[in-house]
Amino acid sequence: MNNAGRTGIPLQVWAGVALVAIALAVLPFVAALAGQAWVRILNFAMVYTMLALGLNIVVGFAGLLDLGYIAFYAVGAYTYALLASPQFGIHLPFWVILPIGAGIACLFGVLLGAPTLKLRGDYLAIVTLGFGEIIRIFLNNLNAPINFTNGPQGINLIDPFRIGGFSFASTESFLGITFTGPQKYYYMLLLLTIAVIVVNLRLQNSRLGRAWEAIREDEVAAKAMGINTRNVKLLAFAMGASFGGIAGAVFSATQQFISPESFGLFESIIVLAMVVLGGMGNIPGVILGAILLTLLPEVLRYTMEPLQMGLFGRVLIDAETIRLLVFGVALVAIMLFRPAGLWPSAVRKRELEVRKAAA
Amino acid sequence: METFLQQIINGLTLGSVYALVALGYTMVYGIIGLINFAHGEVVMIGAMVALSVITGLVGANTSLPAVVIILAGLLVAILICVAIAYSMEKIAYRPLRRAPRLAPLITAIGMSIVLQNVALMVWGRNYRTFPTLIQPTTHNILGAAMTDLQMLIVVLAALLMGGLVLIVQRTRLGMAMRATAQNPQVAGLMGIDINVIISAAFVIGAALAAVAGLMVMAYYGIAHYYMGFLLGLKAFTAAVLGGIGNLAGAMLGGILLGIIEALGAGYIGDVSNVCGLSSLSDTLQQKCAANDGQVSLFGSNYQDVFAFFVLILVLIFRPSGLLGERVADRA
């Protein structure tokens, strides 16, 4: 790459950024050609990207295995749902709830982190798993004797994003272009996702990010180097949880309906799979993992039936089953061929090669 | 007092099943440090296979005695579970033995999804009922009821666990297993074929899982392609509660978890009854009057919360489980 001197970033990079920006801008219209459902799927991919990046802080940066991460997503989602729906008749605007949701999720993160700091490795994993299940069971049952969460039926009619009189849920025309609800959400989510990515990139190279990495590699040595391991680990939990809370609030607003079903252990596991499969600790890898694991089941949903029709002339296995089956096989296969993830960080890749050479 | 004893009996039965499944988790974990997420699905496959064989034999109107039919179902289930666990280890875990620690965890999750959906394809989405071959007789123990099925489950589980302890403590295979768990490299230098030992851990775990699958199906009378998930989760919790990697810990954890759950489900309604406070609020007073003085904050649907809550409490005070000694220093 030629050095452009004091101006800093060379022209090619700007051109690349511009190309990516244009591609991202027209993407929802391209996807809409295949149906509005695909725009919604893109939106989901972005929600999952935020979620996976949050979990990446805990698992990828700090090396703390969290199997109950979805609980924070649930907390964010329910915070938004309760503060902007007919459930309690409260209708706060989105920008007010977003920090509240992130804050409450952060509080839960500390609540989980504080008593479990002493635990290591897999003991931590099972406690976080238990915590996630506890949250879900409470959400499922807090409809009696006093109705908070409306139980298994979930909360309906949640307010969509609204800026002034401009609602994101309806179709509108601007400058001769028609924007559907999901397309408007797409741009909103894109902005939020980019913000989350930037914060994560900045975090990784910060003093705190390096402290997390040090703890991941060797907690005792990190302590000896003067890192306050307790506070730094708590911060990992709290920050990871906040991102989960934000993603949850966004999910609530785009979906306009939530129920405890969306926050089970399986979801936690899928988000963890996104992080590990993409390349733990490497932000581009995690984004890739999140997008891939959101799109893969959806692509399979639409391709498996025609494929079977083409091959055998009839549908042998119903689409839902085979879709998950292929998904499971894909998880195994990707891990077998790329044990460090699809796009591992340079450091991890090197470590793995050294270990292989030593073996 | 009778409720108490009754809940203890119910808890002991379920706890025995948890313990058998937990042993499978703990053996694998003790040797290769892997949370075998697919183990719960192996239990489910065991239950489903046994169910199919048993219903098949009953439907074929053979004049075989019920015991033979059940044993045949159990045998086929054990064989299939062992085959699945053996090949699963070979395909999905063995190539990743030197990989980053979380890689085999993800393949385990993948295998679990695969097994679940294979079961869905083969056995369908509906609940399958277990035919009643033997009419259960109920025995009265100090005022509490215990069916002979419950007795059989508890006794059989105890025998199997005793057998496993004998294998691990007294045989050459057991000694090799313990050596591998302590230090695989050194065990390899001593002439132990580690691959065989690891396979053995998976195979023994799977056989116990098949038995547990049949037990839990007979106990509840139904089986379902999704049953392995929660059962596996509980058993894994039990293994951690006792101290993962520790056989005695898995047994203790399983039985404790079963009893805690049963007692929790039995008493949580009374404990969290708020009618004692009805002098504080008029609405509460009315509600209590309408519900025979029973308005509970928490019902028995909080049973699972109870189990996890106890787990978290135990781990706060004993970070490596009840009987666990070494702290796994791998994060």
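Calculation notes
Residues numbered from 1 in each chain as written. Chains lettered and ligands numbered in written order. Predicted model: local features only at pLDDT ≥ 70, side-chain atom pairs only at ≥ 80, totals over all residues. Helix = DSSP H or I, 4+ residues; strand = E, 2+ residues; numbered from the N terminus. Rg over C-alpha atoms; globule rule 2.2 N^0.38 Å. Buried ≥ 20, exposed ≤ 12 C-beta atoms within 10 Å, placed from the backbone. Contact = placed C-beta atoms within 7 Å. Expected span 1.5 Å × (residues − 1). pLDDT = per-residue confidence, 0-100. Pairing = 2+ DSSP bridges. Axes fitted to C-alpha atoms, helices over the stretch in contact; angles between N-to-C directions. Parallel < 35°, antiparallel > 145°, perpendicular 65-115°, else oblique. Left-handed = near helix turned anticlockwise from the far one by under 90°. Nonpolar A, V, L, I, M, F, W, Y, C, P; charged D, E, K, R; others polar. Core = buried A, V, L, I, M, F, W, Y, C linked by C-beta atoms within 7 Å.

**Things to note about the overall build of chain A**
Right, on to step 1. Along chain A, the regular secondary structure elements total 13 helices and six strands.
Right, on to step 2. A compact globule built from 359 residues would reach a C-alpha radius of gyration of about 21 Å, and chain A, at 22 Å, matches this within 12%.
Right, on to step 3. Referenced to the eigenvectors of the C-alpha coordinate spread, the extents of chain A come out at roughly 55 × 55 × 55 Å.
Right, on to step 4. Out of the 359 residues belonging to chain A, those deemed buried represent 45%.
Right, on to step 5. Partitioning the contacts of chain A with sequence separation of at least 6, the portion at a separation of at least 24 is 73%.

**Section: the overall build of chain B**
Right, on to step 1. Scanning chain B for helices and strands turns up twelve helices and four strands.
Right, on to step 2. Against the compact-globule benchmark of 20 Å for 331 residues, chain B has a radius of gyration of 22 Å, which places it among compact chains.
Right, on to step 3. Referenced to the eigenvectors of the C-alpha coordinate spread, the extents of chain B come out at roughly 75 × 55 × 40 Å.
Right, on to step 4. With 331 residues in all, chain B has 47% of them scored as buried.
Right, on to step 5. Across chain B, contacts joining residues at least 24 apart in sequence account for 76% of those joining residues at least 6 apart.

**Examining helix α9 (residues 227-242) of chain B**
Residue and element names in this part refer to chain B.
Right, on to step 1. Here α9 spans 23 Å end to end across 16 residues, near enough to the 22 Å set by a 1.5 Å rise per residue.
Right, on to step 2. α9 sits mainly inside the fold: 15 of its 16 residues count as buried.
Right, on to step 3. Just past α9, the residue Gly-243 takes up positive phi, approximately 110°.

**Some thoughts on the confidence of the model for chain A**
Residue and element names in this part refer to chain A.
Right, on to step 1. Here chain A averages 86 in pLDDT, while 93% of its residues score no lower than 70.
Right, on to step 2. Mean pLDDT across the elements of chain A bottoms out in helix α13 (residues 346-358) (67) and peaks in helix α3 (residues 70-83) (94).
Right, on to step 3. Note that pLDDT drops below 50 for residues 1-5; the model gives that stretch four contacts with residues more than four away or on any other chain.

**Regarding the pairing of strand β3 (residues 144-147) of chain B**
Residues and elements named next belong to chain B.
Right, on to step 1. In this sheet, β3 lies alongside strand β2 (residues 138-141) in antiparallel orientation, the contact comprising four bridges. The residue bridging Thr-138 from the neighbouring strand is Thr-147, located in β3.
Right, on to step 2. Between the antiparallel neighbours β2 and β3 lie two residues, among them Leu-142 with a positive phi of about 50°.

**Section: the packing of helix α3 (residues 66-93) of chain B against helix α4 (residues 102-123) of chain B**
All names here are of chain B.
Right, on to step 1. Relative orientation of the contacting elements α3 and α4 amounts to 130°, with a least axis distance of 10 Å. On the basis of their axis angle, the class for α3 and α4 is oblique. Judged by the sense of rotation from one axis to the other, the crossing of α3 with α4 is right-handed. Residue-level contacts link Met-88, Ala-92 and Tyr-93 of α3 to Pro-104, Thr-107 and Met-111 of α4.

**Details of the interface of chain B and chain A**
Right, on to step 1. Contacts between chain B and chain A engage 43 residues on the former and 40 residues on the latter.
Right, on to step 2. Listing elements by their share of the side of chain B that touches chain A, those giving two or more residues are α4, α9 and α12 (303-317) of chain B.
Right, on to step 3. Among the elements that line the side of chain B that touches chain A, the one with the most residues is α4 of chain B, at 13 residues.
Right, on to step 4. Across the side of chain B that touches chain A, the residue classes tally to 33 nonpolar, six polar and four charged.

**Things to note about the packing of helix α4 (residues 94-116) of chain A against helix α9 (residues 229-255) of chain A**
Residues and elements named next belong to chain A.
Right, on to step 1. Viewed as axis vectors pointing N to C, α4 and α9 meet at an angle of 140°, and their least axial separation amounts to 7 Å. It follows that α4 is oblique to α9 by the angle criterion. Considering the relative orientation of α4 and α9, their crossing is right-handed.
Right, on to step 2. Of the residues in the contact of α4 with α9, the class split is 18 nonpolar, eight polar and one charged.

**Some details on the environment of Val-53 of chain B**
Residue and element names in this part refer to chain B.
Right, on to step 1. Position of Val-53 relative to the elements: it lies in helix α2 (residues 39-59).
Right, on to step 2. C-alpha separation for the pair Val-53 and Gly-228, spaced 175 residues apart in sequence, amounts to 19 Å.
Right, on to step 3. Ignoring sequence-local partners within four residues, the contact set of Val-53 consists of Ala-72, Gly-73 and Val-76.

**Thoughts on the nonpolar core**
Right, on to step 1. The biggest cluster of nonpolar side chains holds 213 residues, and the ones touching the most others in it are Ala-273 and Met-274 of chain A together with Ala-19, Ala-47 and Cys-81 of chain B.
Right, on to step 2. Beyond its immediate stretch of four places on either side in the chain, Ala-19 of chain B contacts Ala-157, Met-161, Ala-238, Ala-250, Met-251, Gly-254 and Ile-255 of chain B.

**Quick look at the environment of Glu-267 of chain A**
Residue and element names in this part refer to chain A.
Right, on to step 1. With respect to the helices, strands and loops of the structure, Glu-267 is situated in helix α10 (residues 265-279).
Right, on to step 2. Each C-alpha atom, one on Glu-267 and one on Arg-338, is 23 Å from the other, the two residues being 71 residues apart in sequence.
Right, on to step 3. Once residues lying within four places of it in the same chain are set aside, the contact partners of Glu-267 are Ile-70 and Ser-262.

**Re the confidence of the model for chain B**
Residues and elements named next belong to chain B.
Right, on to step 1. Averaged over every residue, the pLDDT of chain B is 88; residues scoring 70 or more account for 95%.
Right, on to step 2. Taking the mean pLDDT of every element in chain B, the minimum, 73, falls on helix α11 (residues 282-290) and the maximum, 95, on helix α8 (residues 194-220).
Right, on to step 3. For residues 327-331, every residue scores under 50 in pLDDT, and the model assigns this stretch 16 contacts once sequence neighbours within four places are set aside.

**Some remarks on the environment of Gly-258 of chain B**
All names here are of chain B.
Right, on to step 1. Inspection of the secondary structure assignment puts Gly-258 in helix α10 (residues 247-271).
Right, on to step 2. Overall, the presence of 24 C-beta atoms within 10 Å leaves Gly-258 in the buried class.
Right, on to step 3. Linking Gly-258 and Ala-239, residues 19 residues apart in sequence, is a C-alpha distance of 12 Å.
Right, on to step 4. Residues in contact with Gly-258, not counting those within four places in the same chain, are Gly-11, Leu-12, Leu-14, Gly-15 and Tyr-18.

**Some details on unusual backbone geometry**
Residues and elements named next belong to chain A.
Right, on to step 1. Its identity as a non-glycine residue notwithstanding, Asn-150 has a phi of 65°, on the positive side.
Right, on to step 2. By the secondary structure assignment, Asn-150 is in the loop between α5 (121-141) and β3 (162-163).
Right, on to step 3. On the basis of neighbour count, Asn-150 is assigned to the partly exposed category, with 19 C-beta atoms found within 10 Å.

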